[in-house]
Amino acid sequence: MPPVIENQHELAHAPVPVRLAPPPMYQVVLLNDDYTPMDFVVHVLQQVFHKGGEEAERIMLQVHHKGRGVCGIYTRDVAATRVDAVMRLAHADQHPLQCLMEPIPPSS
Ligand code: TYC
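Below you will find a few notes about this structure. (Residues numbered from 1 in each chain as written. Predicted model: local features only at pLDDT ≥ 70, side-chain atom pairs only at ≥ 80, totals over all residues. Heavy atoms only, no water.)

1. Some details on the environment of Pro23
And then number 1: As for its placement among the helices and strands, Pro23 is situated in the loop between strand S2 (19-20) and strand S3 (25-31).
And then number 2: Put simply, Pro23 and Tyr74 are 51 residues apart on the chain and 9.6 Å apart in space, counted from C-alpha to C-alpha. (Helix = DSSP H or I, 4+ residues; strand = E, 2+ residues; numbered from the N terminus.)

2. A look at unusual backbone geometry
And then number 1: Located in the positive-phi region is His50, a residue other than glycine, with phi close to 55°.
And then number 2: Within the secondary structure, His50 sits in the loop between helix H2 (38-49) and helix H3 (53-66).
And then number 3: The exposure class of His50 is exposed, given its relative accessible area of 59%. (Buried < 20%, exposed > 50% of the residue type's maximum accessible area, 1.4 Å probe, protein only.)

3. Describing the site of the ligand
And then number 1: The local shell around the ligand consists of Leu31, Asn32, Asp33, Thr36, Met38, Val41, Met60, Val63, His64 and Leu97.
And then number 2: At a separation of 2.7 Å, a nitrogen atom of the ligand approaches a polar backbone atom of Asp33.
And then number 3: One of the side-chain nitrogen or oxygen atoms of His64 is found 2.9 Å away from a nitrogen atom of the ligand.
And then number 4: In the complex, the protein chains occlude 90% of the 350 Å² of accessible area that the ligand would expose alone.
And then number 5: Those elements giving two or more residues to the shell around the ligand turn out to be H2 and H3.
And then number 6: Here the element with the most residues in the shell around the ligand is H3; it accounts for 3 residues. (Near = heavy atom within 4 Å. Polar contact = N/O pair within 3.5 Å; in protein donor to acceptor, adjacent residues only side chain to side chain. Areas by Shrake-Rupley, 256 points an atom, 1.4 Å probe, with all protein chains shown as cover.)

4. Some words on the sheet that holds strand S4 (residues 68-75)
And then number 1: Pairing within the open sheet is antiparallel, and its 3 strands lie in the order S4-S3-S5. Both edges of this open sheet fall to S4 and strand S5 (98-103), since each of them pairs with a single strand only. Taken pair by pair, the neighbouring strands of this sheet meet at an average axis angle of 25°, ignoring direction.
And then number 2: Here S3 pairs with S4 via 7 bridges, running antiparallel. Bridge pairing in S4 places Leu30 opposite Gly69. (Pairing = 2+ DSSP bridges. Axes fitted to C-alpha atoms, helices over the stretch in contact; angles between N-to-C directions.)

5. Observations regarding H2
And then number 1: Compared with an ideal rise of 1.5 Å per residue, which puts 12 residues at 16 Å, H2 spans 16 Å between its outermost C-alpha atoms and is within 8% of the ideal.
And then number 2: Along H2, the residues classified as buried are Phe40, Val41, Val42, Val44, Leu45, Val48 and Phe49.
And then number 3: Looking at the packing, one finds that the buried side of H2 touches S3, H3, S4 and helix H4 (76-92).
And then number 4: After H2 finishes, the residue His50 shows a positive phi value of roughly 55°. (Expected span 1.5 Å × (residues − 1). Contact = heavy atoms within 4.5 Å.)

The following block contains the structure:
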């Protein structure tokens, strides 16, 4: 098995062929609040995260009852774009909905 390449320095000095390490992944998390309407959260989950109606409802209720919920797991740029999309939709409708991304520890 060829070695796994972790960074550009290793790549530059690696014999070919190489295997590239998978990119770090991030989970996008929705936070609960007392004011954002449930229907709006379901709409956001469908619009931004392409969830079907039942899954969107399930995630919204998980956030409502547990305080937070994972909407999806993405590479860094995709996760950041989705957080931005949620925050823009919430801001446009003047809801206090909060969304964040956090790194997932890579499995060894
Ligand atoms: N707790 C909100 C309410 O009762 C609903 C809600 C769900 C808000 C999920 C935010 O991320 C959220 N209207």
